[in-house]
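Inside the fold
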Amino acid sequence: MSIQALTREEALKALASRDTGLTAAEARRRLEEYGPNEIREVRRTPLWRRFLAQFSHFLAVLLWIAAFLCFLSAYFQPEEGLGRLGWAIIGVILVNALFTFIQEYRAERTLAALKGLLPFNVTVRREGALTTIPAREVVPGDILLLEAGDKVPADARLLTASRLMVNLAPLTGESAPVARNAEPFPGEYLDSPNLVFAGTLVVNGSGEAVAVATGMATEFGKIAHLTAGVEPGLSPLQRELARLTRVVAVIALILGLGFFALGVAIGRGFWQNFLFAVGIIVANVPEGLLPTVTLSLALGSQRLARKKALVKNLNAVETLGSVEVICSDKTGTLTENRMQVQEMWLPPGAGSGPQFGHRLLLTIAGLCNNAVLTGGGYQGDPTEVALLQAVRELQADLTGERLREVPFDADRKRMSTVHRVQGETLVLTKGALETVLPRCSRVILGPEAVPLTEAQRQEIQTACEGLMDRGLRVMAFAFRPLAPEEQAALPPDEVLESRLSFVGLMGLADPVRPEVPQAVATCQAAGIRVLMVTGDAGRTALAVARQVGLAGEQTRVMEGPELEALSDEELKDRLRQGEPVFARMTPRHKLRVVTALQEMGLRVAVTGDGVNDAPALRQADIGVAMGLIGTDVAREAADLVLLDDNFATMVAAVAEGRAIFENIRKFIIYIFAHLTPEVVPYVLYSFLPLPLPLTVMQILAIDLGTETLPALALGVERVEPALMRRPPRSGPLLDWEVFFRGYVFLGLSSCLGVLFAYFTVLHAGGWSWGQVLPLEDPLARQAATATFLGIVLMQVANVLACRSSLESLRSIGLFSNRLLWAGIVLELLLAAFLIYHPWGQEIFDTAPLPGWVWLTLVPFAALILLLEEGRKFRRRRAAAGG
Amino acid sequence: MYRHILAAINEHSNSEAAARYAVAAAAAAGASLTLAFVAPPGLPLEVVRSVEAALERLFLEASAQKVPVQSLLSTGEPVRQLKHLVREQHVDLAFVATRREDLSRRYFTRTIARRLSLTLPCSVALVRVVHPGRVISRHLLVPLRGTIPHLEERALLVGLLAQAFGARVTLFHAPRRLERFFRGAGEVPVTEREPGVIRRMEEFMTLLARFQVETRQRFRRGRPAAAITTEAAVSRHDLIIMGGSTRGLLASLVSGNPVEEVLRETPCNLIIHLPRGFGV
């Protein structure tokens, strides 16, 4: 039983309903059966589970193990003070969990926006009487009464329809109203003209319908379902971080277990080995990584907001930088969404300038038009506004009394009015040429209407195609005076719109935004494919694509029906061939294109503005909504909102996203650089008769304290211009270069200074080789503090070295990142506090150091900078040579 | 092949829509059909009359499709009566509509649908109708997993309904998300990770081939229930046919129950098929 194919009586029978409607008892029963007619949240992973998940990912598990080992050590060896470290690690886990968890509320807000599109009250017929009920109480089988201005509360099959026109924009994106009727329809459900859908608006006429689906079972409910139900996977950055964590964890575990085994082999005691292994593991785990990444993304989102791109999901900031394909709308994004009449065309012989045909063309355009000029400017459909604007600029007089209107709809593609103008009653018609020209039997040439010949028809057709090839939307205009007998009783619409005289054409266009061609070129240089996915006609789309540099002379356009006929594999083949223009696309087509691209392994950004774009926005790696023309639903479903709807803004955001990824790489190198000088003294301590060179609490003070601010400052390094001349990144965040530069090159360089400070302090304090000093000994504390200070000062040099992987400090400007210097100053102040303040000394087992220790370390810091500058110079030379 | 199909009608209107699937299956299988209504004691007379009207409509629809049909109306305890009827009439497959209570109680505990699905001595198709206007289904979604008990019978019901509606069948699987430990960026393809599922899908397609229906395969990552309902909504399927849950109460408590989740969240009509290996 397909409800659309049934007759009125059969439809009622199939739904166990009748003309008089359901009884109150039956309605109650059905409400119990089908549930309330409302948009509700799709049951997702409960919030508490999502919160708990933050405590069970790989890094968190690693940290839990580290904390457990600390507490275990503290239990058996309380004098080591590892209990404090255990609590500190748990603090890190909590902070990380909270940081991530606070980003989880988007779907709920989207649903709130969707709910606003359903009506509160509706009129239904029950037990033969009309009654107004809350829309949430509508059930399948209810008889709905629909009038102009009503929002449809449920998917329903029309039983009667009188000039009923419905705006299906929330479902199809098509803003022109469509005519509905009550006749059986043998085709597909969604294409059926005898159905109305929940969330859509009745714009004209009236009708009665029987509800066939309510709540989440409606087509509108499916949008809500997809919007809330599509669970986006991990962002590329999250995946990269997960991978990095695994690698680091394995390194830490191997080192920890390896040295434990070695300790056992050389005969050291169990607890000594155990504590040592814990120290190695804690030193290797980058505890500060996640908070630093999150804060860096938050700062990036603030910078994007200043560029008119509002980020709603922090991870989206970096994902933007990794996109390989952008599926962009046309209207408003590539163009200005401001239609203008750019050309008028009259048949040869009609005359030009203030001739009859020209005046008539303007009169039709001005009167057969529902746009209005109010104190607040022009209001109405963009095409009609453009026509009215043009008419008012060229012809002041627009007086006429409207007697009737045959409204525009997407099926008829034309509109007519009957006007009394200067004593004459005229039918004025405008619309698409293919629907207006067949209704014309005459053409205006000079002051009179002459019979329309086949050659003239062909000439008009050719003129129209010429205008369309230039990207213009073409409107055709025609008219006819009504005979006196017709004026007395206006004939039916079909008769009114017949035997018309063709007057002329107007070509309208939405100008391309001036900055877009450059932005498209930037994308192409950056290896990002740009696809235009638009609901507009192929010719218009292609013309705009050519103007912005997306399409060449040979470019083919794929239209909606062609796409429908393709299998998934065929579609992927066509996408691989690089077709850039997709026209006459519905949001469902858009979703299919996005899914196919993702299945090809590409990262996709999609723009959208309509309610029905919400699923595609959610499905994409980055959903980009329009801030000006977008609906609330699209804005809530998106990851990024363009406050100026401008494609160029999105490209600027992509550049920012790439910079953020680069900056995250920089601070990962920076974080890795301290791991080696933390581990190496420990290793020496385990094999040589030395005092403890660094306590675990001091390690934590570096990881989570002193180096956090400079690391964050690396996150705001400006975009290097070369970034947008490279293809999208394909390599991982952690590659050999990052590994080598961080752990080996900078790490070992730092070790030199750190160990020098450690041994110098010991030597100056009178320590002799082989002398075992407990940590309580002031000299042992001073030596450990010297190691701590050494790492801090080497990290100052490292942070400057990490600002660029290629450019010299001089060329990027030593003081061009002021936040970095503020971070360095705070890092030094914090280190001084931990070394010289009694609280710092108590908690972190430090001891005051004389000033010469600081001075001893400065040349080593300078050496790191020099070595790095040398490395960069060699790489630049190699790049220039290669 | 099914020889005798039962459609259990109850006082709710969606059982009438659910019974239309039974009519379609019986017509495609050439089976006889019994429309049965067991009125629980104390049911108001007007409700009994409305069910009688529904039985009459269904009877006429089945007759119009040349299905040998009988209509039975009795009173008593529905589960016991229907069990008796299944035994007495040698029913192979029973279509039972879910009720609201099936959605509100976890793991169907103590619901009529659960009792029927557990105790009827025949295969059961538990039907949830959310869209009574789209019973004729053009796009069927059939979620599959690695182990499919009574594969042939599962394919039989899918094939019969697809044949009856002239529908296209999408075999679907939601693979577990699994990444390579150190090369996390690229996920392990389903063909590599779960070759067993691919084999089962191919077997299923082979079995469907005799019904001459168009089939295709789809994969969507994510939690199984969310992936199934999302796929149904994205690709606008109008009927999901899935197997029953094999998870016990404890496993369901710990890691959820996809079948129950789909039952609650389905965006289109749903049949949960509990085959007993009858009559293939």
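Note that this is a predicted model, so its numbers are computed, not measured. The numbers attached to residues start from 1 for each chain and follow its sequence in the written order. Each chain is given a letter, starting from A, and each ligand a number, starting from 1, according to the order in which they appear as written. Only residues with pLDDT of at least 70 get local features here, since the model is predicted, and only at 80 or more are side-chain atom pairs given and counted; chain-wide, interface and lining totals rely on the full set of residues. Hydrogens and water molecules were not included; the side-chain quantities draw on all heavy atoms of the structure.

Looking at the overall build of chain B
Short version of the rule: Helix and strand definitions here come from DSSP, where helices need a minimum of 4 consecutive H or I residues and strands a minimum of 2 consecutive E residues; each element is numbered from the N-terminal end. Contacts were defined at the residue level, with two residues in contact if any of their heavy atoms lie within 4.5 Å. Only the protein chains shown count as cover for residues, and the accessible areas themselves come from Shrake-Rupley with a 1.4 Å probe.
Regarding its fold elements, chain B presents 11 helices and 10 strands. Sequence-distant contacts, at least 24 apart, represent 79% of the contacts inside chain B between residues at least 6 apart. For chain B, the exposed area adds up to about 11000 Å²; of that, 54% sits on carbon and sulfur atoms.

Description of the overall build of chain A
Convention followed: Exposure classes here rest on a 1.4 Å probe applied to the protein chains alone. A residue is buried below 20% of its type maximum, exposed above 50%, and partly exposed in between.
Each helix and strand counted, chain A has 34 helices and 25 strands in total. Buried residues in chain A amount to 58% of all 882 residues. When contacts within chain A are restricted to residue pairs at least 6 apart in sequence, those whose partners lie at least 24 apart make up 73%.

So, helix α2 (residues 24-34) of chain A
Residue and element names in this part refer to chain A. Rule in force here: Taking the helix axis as origin, the arc is that swept by the directions to the C-beta atoms.
Among the residues of α2, Glu26, Ala27, Arg29, Arg30, Glu33 and Tyr34 are the ones counted as buried. Projected down its long axis, α2 shows its buried positions confined to an angular sector of 160 degrees, all on one face. The outward face of α2, more than 90 degrees from its buried face, is lined by the exposed residues Arg28 and Glu32. Residue Gly35 follows α2 closely and has a positive phi angle near 85 degrees.

Things to note about the packing of aromatic side chains
Rules: Two rings from Phe, Tyr or Trp (for Trp, the six-membered ring) form a pair when their centres are within 6.5 Å of each other. A pair whose planes differ by under 30 degrees is stacked, one over 60 is edge-to-face, and the rest are tilted.
Counted according to the given criterion, the structure contains 12 aromatic pairs over all chains. Between the aromatic rings of Trp736 of chain A and Phe739 of chain A, the centroid separation amounts to 5.5 Å while the plane-to-plane angle is 80 degrees, which identifies the pairing as edge-to-face. Pair noted here: Trp736 of chain A and Phe739 of chain A are both in helix α29 (residues 736-764), with a separation of three residues, about one helical turn. Given a relative accessible area of 22%, Phe739 of chain A falls into the partly exposed group. Considering the side-chain rings of Tyr21 of chain B and Phe165 of chain B, the 6.0 Å spacing of their centres and the 80 degrees angle between planes classify their relative orientation as edge-to-face. Of this pair, Tyr21 of chain B sits in helix α1 (residues 14-29) while Phe165 of chain B is found in helix α6 (residues 151-165), placing the two residues 144 residues apart along the sequence. In this pair, the class of Tyr21 of chain B matches that of Phe165 of chain B, namely buried. An aromatic cluster is defined as three or more aromatic residues linked by ring pairs; in this entry it consists of Phe672, Trp736, Phe739 and Tyr743 of chain A.

Describing the packing of helix α9 (residues 236-265) of chain A against helix α26 (residues 647-687) of chain A
Residues and elements named next belong to chain A. The criterion, for reference: Between the N-to-C directions of two axes lies an angle of 0 to 180 degrees, each axis being a line fitted to C-alpha atoms and, for a helix, fitted only over the stretch in contact. For classification, angles of less than 35 degrees are called roughly parallel, those exceeding 145 degrees roughly antiparallel, those between 65 and 115 degrees roughly perpendicular, and all remaining angles oblique. The residue classification treats Ala, Val, Leu, Ile, Met, Phe, Trp, Tyr, Cys and Pro as nonpolar and Asp, Glu, Lys and Arg as charged. All others, Gly included, are polar.
Close contact between α9 and α26 brings their axes to 12 Å; oriented N to C, the two are set at 5 degrees. Classed by the angle they form, the pair α9 and α26 counts as roughly parallel. Contact residues: Leu237, Leu244, Val248, Phe259 and Leu262 in α9; Ile664, Ile668, Phe672, Val683 and Phe687 in α26. Looking at the contact of α9 with α26, its residues break down into 10 nonpolar, no polar and no charged.

Some points on the sheet that holds strand β8 (residues 309-311) of chain A
Residue and element names in this part refer to chain A. Heads up, the rule is: A strand pair is defined by DSSP finding two or more bridges across the two strands.
Here eight strands make up an open sheet; going across it, the order is β8-β25-β24-β23-β9-β20-β22-β21 and the pairing mixed. Each edge of the open sheet is held by one strand with a lone partner, namely β8 and β21 (557-559). Taking each pair of neighbouring strands and ignoring which way they run, the sheet shows an average axis angle of 20 degrees. Inspection of the sheet shows strand β9 (residues 325-328) paired to strand β20 (residues 529-533) by four bridges, in the parallel sense. Within the sheet, the bridge partner assigned to Cys327 lies in β20 and is Leu531. Most of the contacts of α26 go to β9, to which it runs at about 160 degrees, and overall it touches β8, β9, β20, β23 (604-608), β24 (622-626) and β25 (640-642).

Regarding unusual backbone geometry
Residue and element names in this part refer to chain A. For Gln422, which is not glycine, the phi dihedral falls at a positive 45 degrees. Within the secondary structure, Gln422 is located in the loop between β14 (414-421) and β15 (424-431). By relative accessible area, Gln422 is classed as exposed at 73%. At Arg499, a residue that is not glycine, the phi angle is positive and equals roughly 55 degrees. Counting through the fold element by element, Arg499 comes out in the loop between α18 (493-496) and β19 (500-509).

A word on the side chain of Asn369 of chain A
All names here are of chain A. We count it as follows: Nitrogen and oxygen atoms within 3.5 Å of one another constitute a polar contact, given that in protein one can donate a hydrogen and the other can accept it, and given that sequence-neighbouring residues count only through two side-chain atoms.
Within the element layout of this structure, Asn369 appears in the loop between α13 (356-367) and β11 (372-374). On the basis of relative accessibility, which here comes to 6%, the residue Asn369 falls in the buried class. A distance of 2.8 Å separates the side chain of Asn369 from the backbone nitrogen of Ala371, its partner in a polar contact.

Side note on the pairing of strand β1 (residues 121-126) of chain A
Across a regular strand the side chains alternate sides, sitting on one face of the sheet and then on the other. Residue and element names in this part refer to chain A. Pairing of β1 with strand β2 (residues 129-134), which is carried by six bridges, proceeds in the antiparallel orientation. Opposite Arg126, over in β2, you have Ala129 as the bridge partner. Taken together, β1 and the strand that follows it, β2, pair antiparallel across an intervening segment of two residues, in which Glu127 is found at a positive phi of about 50 degrees. Here β1 pairs with strand β3 (residues 143-147) via two bridges, running antiparallel. Paired with Arg125 across the strands is Ile143, a residue of β3.

Focus: the nonpolar core
Selection rule: In this text, buried Ala, Val, Leu, Ile, Met, Phe, Trp, Tyr and Cys residues form a nonpolar core when linked through side-chain atoms within 4.5 Å.
Counting residues in hydrophobic clusters, the biggest one holds 143 residues, and the most contacted among them are Ile326, Phe647, Ile664, Phe667, Ile668, Phe672 and Phe788 of chain A. Among the elements that make up this core, the one with the highest residue count is α26 of chain A (21 residues). Once residues lying within four places of it in the same chain are set aside, the contact partners of Phe667 of chain A are Leu289, Thr292, Val293, Ser296, Ala711 and Leu714 of chain A. Residues Ile5, Ala25, Ile148 and Leu151 of chain B belong to the second largest nonpolar core, which totals 60 residues.

Quick notes on the environment of Ala637 of chain A
Tracing the backbone shows Ala637 of chain A in helix α25 (residues 632-637). Sequence spacing of Ala637 of chain A and Ala625 of chain A is 12 residues, and the spatial spacing of their C-alpha atoms is 8.0 Å.

Quick word on the environment of His139 of chain B
In this fold, His139 of chain B is placed in strand β6 (residues 139-143). The sequence separation of His139 of chain B and Thr215 of chain B amounts to 76 residues, and the corresponding C-alpha distance is 10.0 Å. Setting aside chain neighbours within four positions, we find His139 of chain B in contact with Glu188 of chain A together with Ala167, Arg168, Arg236, His237, Asp238 and Leu239 of chain B. Side-chain polar atoms of His139 of chain B contact the side chain of Arg168 of chain B, separated by 3.4 Å.

Some words on the side chain of His173 of chain B
By the element assignment, His173 of chain B lies in strand β7 (residues 168-173). In this structure the side chain of His173 of chain B is engaged in a polar contact, spanning 2.9 Å, whose partner is the backbone oxygen of Leu144 of chain B.

Some points on the pattern of salt bridges
Let me state the cut-off plainly: Salt bridge criterion: a side-chain nitrogen from Lys or Arg within 4 Å of a carboxyl oxygen from Asp or Glu.
Enumeration over the complete set of coordinates arrives at 50 salt bridges over all chains. Where Glu656 of chain A meets Arg303 of chain A, a salt bridge forms, and the shortest distance between an N and an O atom there is 2.9 Å. You can see Glu656 of chain A sitting in helix α26 and its partner Arg303 of chain A sitting in helix α11 (residues 289-306), a full 353 residues away along the chain. In this structure, a network of salt bridges that share partners links the residues Glu219 and Lys222 of chain A together with Arg134, Arg236 and Asp238 of chain B.

Here we look at the packing of helix α3 (residues 78-89) of chain B against helix α5 (residues 112-119) of chain B
Axes are the key here: two packed helices are described by the angle between their axes and the distance separating the axes. Residues and elements named next belong to chain B. This is how the line gets drawn: Should the near helix be turned counterclockwise from the far one by less than a right angle, the crossing is left-handed, whereas a clockwise turn marks it as right-handed.
Put simply, α3 and α5 touch, their axes get as near as 10 Å, and they point 25 degrees apart. Between α3 and α5, the interaxial angle falls into the category roughly parallel. Of the two possible hands of crossing, α3 and α5 adopt the one that is right-handed. Note on element contacts: α5 touches α3 through Ile112, Arg115, Leu116 and Thr119, opposite Val79, Leu82 and Lys83. Its residues assigned to classes, the contact of α3 with α5 shows four nonpolar, one polar and two charged.

Brief notes about helix α30 (residues 778-801) of chain A
Each full turn of the α-helix corresponds to 3.6 residues, which orients residues three or four apart in the same direction. Residues and elements named next belong to chain A. This is how it is decided: To estimate the expected span of a helix, subtract one from its residue number and multiply by 1.5 Å.
Taking 1.5 Å per residue, 24 residues should reach 34 Å; α30 reaches 34 Å between its end C-alpha atoms and fits that length. Burial runs high along α30: 21 of the 24 residues are buried. In this structure Asp777 caps α30, since a side-chain oxygen of it lies 2.8 Å from the backbone nitrogen of Leu779.

Considerations on the confidence of the model for chain B
Residues and elements named next belong to chain B. Put simply, the rule reads: The predictor reports its confidence for every residue as pLDDT, a score running from 0 up to 100.
When the pLDDT values of chain B are averaged, the result is 84; 85% of them are 70 or greater. A low-confidence stretch, residues 182-186 stays under pLDDT 50, and its non-local contacts, those more than four residues away or across chains, total 11 contacts. For this predicted complex, the interface confidence score (ipTM) comes to 0.84, while the overall pTM stands at 0.69.

Some thoughts on a nonpolar patch on the surface
All names here are of chain A. The following threshold applies: Patch rule: a residue counts if its relative accessible area is over 30% and it has no salt bridge; like charges are joined within 9 Å, and nonpolar side chains (Val, Leu, Ile, Met, Phe, Trp, Tyr) within 5 Å.
Taken together, the side chains of Leu262, Ile266, Phe687, Leu688 and Trp769 make up a nonpolar region of the molecular surface, amounting to roughly 480 Å² of accessible area. Along the chain, Phe687 turns up in helix α26. Given the relative accessible area of 38%, Phe687 is considered partly exposed.

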